[in-house]
Amino acid sequence: MEFGRLVRLMDEFDEVVVLDQPMEQWSHPDGFFRTIQAVTRTVAPVRFIDEAMRQTFVFFSALVESNKSFCIFPFVELLVNYDHTTVCCRSLQPVTKLQDFKDFRNDPGYQVIREKMLAGEMIPEHCSACYRLESQGIISARQQETVEWAHRLGINDLDDLAKLEKPAYYEVRASNKCNLQCRTCNAENSHLIEREYRQIGIIPKTRITRQKHKTGFDIVDLDHAFKVYVAGGEPTVMKEFYAFLQQCIEQNKTHIEILVNTNGTNFNGKLLSLLPHFQNLHFVFSIDGYDRLNHYIRWPSAWQDIIDNWKILRSRGHKVHVNTTVSIYNIAHLHHLYQFIDKNFSNTLVHCNMAENFSPYLFPDQDLAIESLLQVQQTDCYHNDPLFASSIDGYLNYFQTRYIPQDLSEFFQFNVRLDHSRGVHLVDYVPELARYQDCKIVA
């Protein structure tokens with residue numbers, strides 16, 4: 001049952017009782033987490049049969065509100081970002097060089113971060129992405145996923161958290177090899193963008209590094225891992241990703257949850273032949289627009305390839321979520337994408353994140369942005385995920401109450417160079433934006 005429908009149904013009852021079925025008996029942890037989420041949304045009185053289940057939710061929900069620094073990720077997650085680790089995927093700030101990393105629990109870099117979080121000391125160098133969202137009234141990953149991971153690991157309080165010896169969650173970006181050149185991406189995460197930038201004389205804003213001794217997957221302890229998240233680059237074009245899947249098969253570790261962030265364009269025979277070995281391997285498709293707009297932003301992706309691959313995965317029982325990078329390019333067209341998903345892939349979980357260099361708040365037509373976001377609020381995608389809804393509400397609130405026109409000259413200079421390199425024109429894909437191209441400052 002869809003999340004929004006479940007909440008509306010519960011609202012009709014005098015009491016909602018949460019039974020004591022262990023999370024391990026659910027078909028997938030997401031089903032458990034989202035049911036608990038739905039229970040917190042109903043206006044009906046709620047009673048938990050298992051008091052410990054309620055306590056976990058209450059304790060960590062209260063903790064992330066009272067302690068604005070605390071996040072569970074540095075306690076449970078190990079993320080390998082080429083030659084170093086970071087606290088999570090939302091941070092580019094290195095914690096420890098991979099060549100120096102030895103012991104997750106006692107690593108000096110992680111210890112400093114954990115101590116600051118427990119003391120309530122803000123660490124913007126690592127956590128500014130979540131701080132920024134929360135300042136805009138948007139639910140952050142820090143707030144939501146702390147509670148989810150506490151449930152997943154059976155952690156009821158900070159004493160339980162301190163007992164963890166090994167990471168439970170791994171994120172791996174083995175290389176920047178990719179088959180696309182997404183406009184909101186960068187040279188560090190796509191070797192094709194790196195090559196293009198060099199050819200047209202754009203100096204990358206991020207440093208480009210290469211790890212020499214490890215693939216990133218080498219650091220995953222399959223005996224203790226609950227979940228492995230794989231990103232890139234594009235995992236489906238990385239030989240290291242296929243080697244990792246083969247390793248899981250050979251070591252009989254195919255039960256581990258593996259979540260693959262992909263652009264959805266490259267599902268070859270080799271990958272499809274490995275999938276039947278895994279009962280808990282799922283995908284996040286990065287899609288930034290409907291049809292031609294996605295082709296322009298996530299250049300040069302083919303829409304029909306993405307849809308065909310999506311259908312194949314769903315027919316084989318693999319879940320597909322969608323993540324959208326919200327930017328100046330797509331803020332006025334988001335409703336087209338989510339209306340399509342409602343119609344063709346119902347009950348799909350959708351998440352979004354804000355583009356770092358091409359913020360949606362740069363979009364010069366305030367009314368068009370508001371119109372699109374209001375239509376997004378009418379979709380099932382919006383009603384089926386509180387985190388996604390919170391993001392959409394935050395974008396809408398900005399355009400309705402805090403919108404400030406920005407100088408777009410630097411953006412258009414950059415975009416014209418990309419268009420010239422790729423033989424395309426902005427006006428053919430986002431004419432609402434292109435008409436401001438000759439304006440120095442949008443009034």
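Source: prediction; values computed, not measured.

Q: Sorry if this is basic, but what is going on with the sheet that holds strand S3 (residues 77-81) here?
A: Hydrogen bonds between backbone atoms are what pair the strands of a sheet, whose relative direction is either parallel or antiparallel. Pairing is mixed in the open sheet, where 8 strands are placed in the order S4-S3-S5-S7-S8-S9-S11-S12. With one partner strand each, in any of the chains shown, strand S4 (84-86) and strand S12 (350-354) form the two edges of the open sheet. Sheet twist, expressed as the average angle between the axes of neighbouring strands with direction ignored, equals 20°. The sheet contact formed by strand S11 (residues 320-326) and S12 spans 5 bridges and is parallel. Bridge pairing links threonine 324 to cysteine 352 in S12. Against the sheet, helix H14 (residues 334-344) engages S11 and S12, with an angle of about 175° to S11.

Q: Can you help me understand helix H3 (residues 51-66) in this one?
A: Given a rise of 1.5 Å per residue, 16 residues ought to cover 22 Å, and the 22 Å separating the end C-alpha atoms of H3 matches this to within 8%. Turning to H3, its buried residues are Met53, Thr56, Phe60, Ser61, Leu63 and Val64. End-on, the buried residues of H3 take up no more than an arc of 160°, which puts them together on one face. Between the side-chain oxygen at the start of H3 and the backbone nitrogen of alanine 52 there is a gap of 3.0 Å, and the oxygen is on aspartate 50.

Q: Would you mind going over the side chain of aspartate 419 with me for this structure?
A: Its location among the elements puts aspartate 419 in helix H18 (residues 409-422). If near-sequence neighbours (up to four positions away) are discounted, aspartate 419 is found in contact with Arg183, Tyr296, Val424, His425 and Leu426.

Q: What exactly am I supposed to notice about the pairing of strand S9 (residues 281-286) here?
A: On a regular strand, one side chain projects to one face of the sheet and the next to the other, so that they alternate. Burial of S9 is extensive: 6 of the 6 residues sit out of reach of the surface. The side-chain alternation of S9 yields two buried faces, one formed by Leu281, Phe283 and Phe285 and the other by His282, Val284 and Ser286. Relative to S9, strand S8 (residues 257-262) runs parallel, the two sharing 5 bridges. Each residue of the ladder has a partner; that of isoleucine 258, found in S9, is leucine 281.

Q: Would you mind showing me how to read the nonpolar core here?
A: Nonpolar side chains in soluble globular proteins generally cluster together in the buried interior. Counting residues in each nonpolar core, the largest one holds 123 residues, and the members touching the most others are Ile341 and Phe399. For this core, the element with the highest residue contribution is helix H17 (residues 386-402), accounting for 7 residues. With residues near it in sequence (within four places) discarded, phenylalanine 399 still touches Ile331, Pro360, Tyr361, Phe363, Gln366, Ala369, Ile370 and Leu373. Counting residues in each nonpolar core, the second largest holds 14 residues, with Val16, Met23, Phe32 and Met53 among its members.

Q: How should the pattern of salt bridges be read in this particular structure?
A: Between side chains of opposite charge, pairing is possible as soon as their charged atoms come close. Inspection of the entire model under this criterion finds 17 salt bridges. Here glutamate 257 makes a salt bridge to lysine 227, at a shortest N to O gap of 4.0 Å. Here the residue glutamate 257 occupies a position in strand S8, and lysine 227 occupies one in strand S7 (residues 227-231), the gap between them amounting to 30 residues. A salt bridge links aspartate 288 to arginine 298; its shortest N-O distance comes to 3.1 Å. Highlighted residues: aspartate 288 in the loop between S9 and helix H12 (292-297) and arginine 298 in strand S10 (residues 298-299), separated in sequence by 10 residues.

Q: Honestly, the packing of H3 against helix H7 (residues 141-153) in this entry has me stumped. Any pointers?
A: Packed helix pairs are characterised by how far apart their axes lie and by the angle those axes make with each other. It is at 9 Å that the axes of H3 and H7 come closest, and there the two elements cross at 150°. In terms of orientation, H3 and H7 fall into the roughly antiparallel class. In this structure, H3 meets H7 at a crossing whose hand is right-handed. Counting all contacts with H3, which are made through Met53, Thr56, Phe57, Phe60, Ser61, Val64 and Glu65, the residues of H7 involved are Arg142, Gln143, Thr146, Val147, Ala150 and His151. Each residue belonging to the contact of H3 with H7 can be placed in one class, and the counts come to 6 nonpolar, 5 polar and 2 charged.

Rules behind the numbers
Residues numbered from 1 in each chain as written. Predicted model: local features only at pLDDT ≥ 70, side-chain atom pairs only at ≥ 80, totals over all residues. Heavy atoms only, no water. Pairing = 2+ DSSP bridges. Helix = DSSP H or I, 4+ residues; strand = E, 2+ residues; numbered from the N terminus. Axes fitted to C-alpha atoms, helices over the stretch in contact; angles between N-to-C directions. Contact = heavy atoms within 4.5 Å. Expected span 1.5 Å × (residues − 1). Buried < 20%, exposed > 50% of the residue type's maximum accessible area, 1.4 Å probe, protein only. Arc of directions from axis to C-beta. Polar contact = N/O pair within 3.5 Å; in protein donor to acceptor, adjacent residues only side chain to side chain. Core = buried A, V, L, I, M, F, W, Y, C linked by side-chain atoms within 4.5 Å. Salt bridge = Lys/Arg side-chain N within 4 Å of Asp/Glu carboxyl O. Parallel < 35°, antiparallel > 145°, perpendicular 65-115°, else oblique. Left-handed = near helix turned anticlockwise from the far one by under 90°. Nonpolar A, V, L, I, M, F, W, Y, C, P; charged D, E, K, R; others polar.

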